[in-house]
Amino acid sequence: MSYTIKTLNKIAKTGLDKFGEGYTIADDAANPDGILLRSASMHEMEFPESLLSIARAGAGVNNIPTDKCAEKGIVVFNTPGANANAVKELAITSMLISSRKIVDGINWANGLTQDVAKEVEKGKAQFVGPEIEGKVLGVIGLGAIGVLIANAAVNLGMEVLGYDPFISVDAAWGLSRAVKKATDLKTIFEKADYITLHIPYNAQTKGTLNAEAFAQMKKGVRVINLSRGELVNDDDILAAIEAGTVGGYVTDFPNEKMINKPGVITIPHLGASTPESEDNCAHMAAMQTKVYLETGNIRNSVNFPNCEMPLSGVQRITVAHKNIPNMVGQISTALADAQINIKDMINKSRGDYAYTILDLESVSSEESIAKIKAIEGVLRVRVI
Ligand SMILES: NC(=O)C1=CN([C@@H]2O[C@H](COP(=O)(O)OP(=O)(O)OC[C@H]3O[C@@H](n4cnc5c(N)ncnc54)[C@H](O)[C@@H]3O)[C@@H](O)[C@H]2O)C=CC1
Ligand SMILES: O=C(O)CCC(=O)C(=O)O
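Residues numbered from 1 in each chain as written. Chains lettered and ligands numbered in written order. Predicted model: local features only at pLDDT ≥ 70, side-chain atom pairs only at ≥ 80, totals over all residues.

Draft legend 1. Region of interest: the pairing of strand 1 (residues 3-7). For strand 1 and strand 2 (residues 23-26), the ladder comprises four bridges, and the chain directions are parallel. Considered in strand 2, the bridge of Tyr-3 is made with Tyr-23. Of the strand pairs in this sheet, strand 1 and strand 3 (residues 34-37) are connected by three bridges, and their pairing is parallel. Paired with Lys-6 across the strands is Ile-35, a residue of strand 3. (Pairing = 2+ DSSP bridges. Helix = DSSP H or I, 4+ residues; strand = E, 2+ residues; numbered from the N terminus.)

Here it is as structure tokens:
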């Protein structure tokens, strides 16, 4: 078999090399089987019929219309945890630079022209800022990144409060016992000296930090946003900085409103920009795509259930379908009508969508595949 992969952003070579023989990789492919991307927006894109999968080499999938993809039977993947350490390190950096006036100090020192050593000692008092040890950190979102930051902050001597009503069992296992659970955001807002956001951006989380939230915060709180710009209301945080409620804001998502504003430190979306995490993300995105194209097995999808079965039988059929009653019954009837025996089968569901893999004892007929495609609720059928 041969496959075409389209890249929408620069993807680390070590990941692309995983595809190997039989794959053509191009940034201008017209009819790709798979797409790999980082932050490029796909919301306005048309999807070719050929497209089977999209892999986000990273965590956030707000740049991909995942429901629209599901309706077309296009499986969307991300790479959970692959860049978490890079973001953790930048979050710790952000707490320190929001505290210690390091950026202002560097800019000031670079502007000195003469008697530099003397001027430094004379002027440094304006850049005094507090230490983080002993202070309270509120972590909103305890997923791959939030847990690493919470644990690192404990090790730096901070008191850590974590808020995540949907925390996974795995994340809870990884969390230091010293991290205290906040049952609502109000607790974080009222107690934290530093607040860091590690939640996905979606319709529910838009503007999580707004005027109402800032009104509940401790005076001088430092806010770190390495998640997505839209999670914080720009006008409200600028007003809170002006009023002195917020003592500093570090954002990885600069926009026209945020650049060159006192109290705001803008980083050009560098959270995942380390060779280590670029390699990890590219590797995972490539492998998940390759496995899906070659076997139909789904690992780390965000719009279909994870569904894996070792290859057996003489042919594999995969069916992406709506999560509605009697789908498996109708699919197996279509095969039974053509005297085709099923050797092994698996069916998984997730929300509105489901996925079925069937390994057959004999090769299916075009007629039986056409029958499966015609079942109401079937989104995509593949013969592998
Ligand atoms: N600046 C950068 O370069 C990067 C930014 N990110 C951003 O960080 C976000 C988080 O990444 P990960 O930790 O890897 O994702 P994750 O999926 O492992 O964790 C997200 C956590 O947020 C929790 N959550 C969801 N809604 C919530 C809410 N309303 N309140 C509290 N918790 C909530 C979930 O239960 C989950 O535990 C991504 O969605 C992405 O937007 C991720 C990687 C790099
Ligand atoms: O690919 C990047 O550099 C951005 C990473 C990111 O924002 C994410 O993984 O959600």
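Draft legend 2. Region of the structure containing the domain arrangement of the protein. One can read the domain layout of the protein as domain 1 (1-83 + 273-303), domain 2 (84-266) and domain 3 (305-384). Taken over C-alpha atoms, the centre of domain 2 sits 48 Å from the centre of domain 3. (Domains from an automatic or database assignment.)

Draft legend 3. Inspection of the site of ligand 2 at higher detail. Taken together, the residues surrounding ligand 2 are Arg-38, Ser-39, Gly-58, Ala-59, Gly-60, Asn-83, Gly-271, Ala-272 and Ser-273. Per-class residue counts for the shell around ligand 2 are two nonpolar, six polar and one charged. (Near = placed C-beta within 6 Å. Nonpolar A, V, L, I, M, F, W, Y, C, P; charged D, E, K, R; others polar.)

Draft legend 4. Structural detail: the packing of helix 3 (residues 84-99) against helix 6 (residues 144-155). The contact between helix 3 and helix 6 brings their axes to 9 Å, and the two run at 45°. Compared by their axis directions, helix 3 and helix 6 come out oblique. Relative to helix 6, helix 3 is oriented so that their crossing is right-handed. Together, Ala-84, Asn-85, Val-87, Lys-88, Ala-91 and Ile-92 of helix 3 and Ala-144, Ile-145, Leu-148, Ile-149 and Ala-152 of helix 6 make up the contact between the two elements. (Axes fitted to C-alpha atoms, helices over the stretch in contact; angles between N-to-C directions. Parallel < 35°, antiparallel > 145°, perpendicular 65-115°, else oblique. Left-handed = near helix turned anticlockwise from the far one by under 90°. Contact = placed C-beta atoms within 7 Å.)

Draft legend 5. Local environment of the sheet that holds strand 3. Judged by pairing direction, the sheet is parallel, and its five strands sit side by side in the order 2-1-3-4-5 without closing on themselves. Each edge of the open sheet carries a strand with a single partner, namely strand 2 and strand 5 (75-77). Ignoring strand direction, the axes of neighbouring strands in this sheet form an average angle of 20°. In this structure, strand 4 (residues 53-56) lies alongside strand 5, joined through three bridges in parallel fashion. Counterpart to Ala-55 in the pairing with strand 5 is Phe-77. Helix 11 (residues 275-295) rests against strand 1, strand 3, strand 4 and strand 5 of the sheet, and its axis sits at about 165° to strand 4.

Draft legend 6. Examining helix 11 more closely. Compared with the 30 Å implied by 1.5 Å per residue over 21 residues, the 30 Å span of helix 11 between its first and last C-alpha is a close match. Positive backbone phi, at 80°, marks Gly-296, one or two positions downstream of helix 11. (Expected span 1.5 Å × (residues − 1).)

Draft legend 7. Geometry of the UniProt feature "domain: ACT" (unreviewed entry) in the protein. Taking the UniProt record as the reference, the feature "domain: ACT" (unreviewed entry) is found at residues 316-384. The distance separating the terminal C-alpha atoms of residues 316-384 is 5 Å; by composition the span is 29% helix and 43% strand. (UniProt positions renumbered as here; feature names shortened; annotations may be inferred.)

Draft legend 8. Looking closely at the site of ligand 1. Every one of the 34 residues lining ligand 1 counts as a neighbour, but Gly-60, Gly-141, Gly-143, Phe-166 and Gly-271 are closest to it. When residues of the shell around ligand 1 are traced back to their parent elements, those giving at least two are helix 3 and helix 6. In terms of residue count, the dominant contributor to the shell around ligand 1 is helix 6 (three residues). Counting residues domain by domain, the shell around ligand 1 receives three or more from each of domain 1 (1-83 + 273-303) and domain 2 (84-266).

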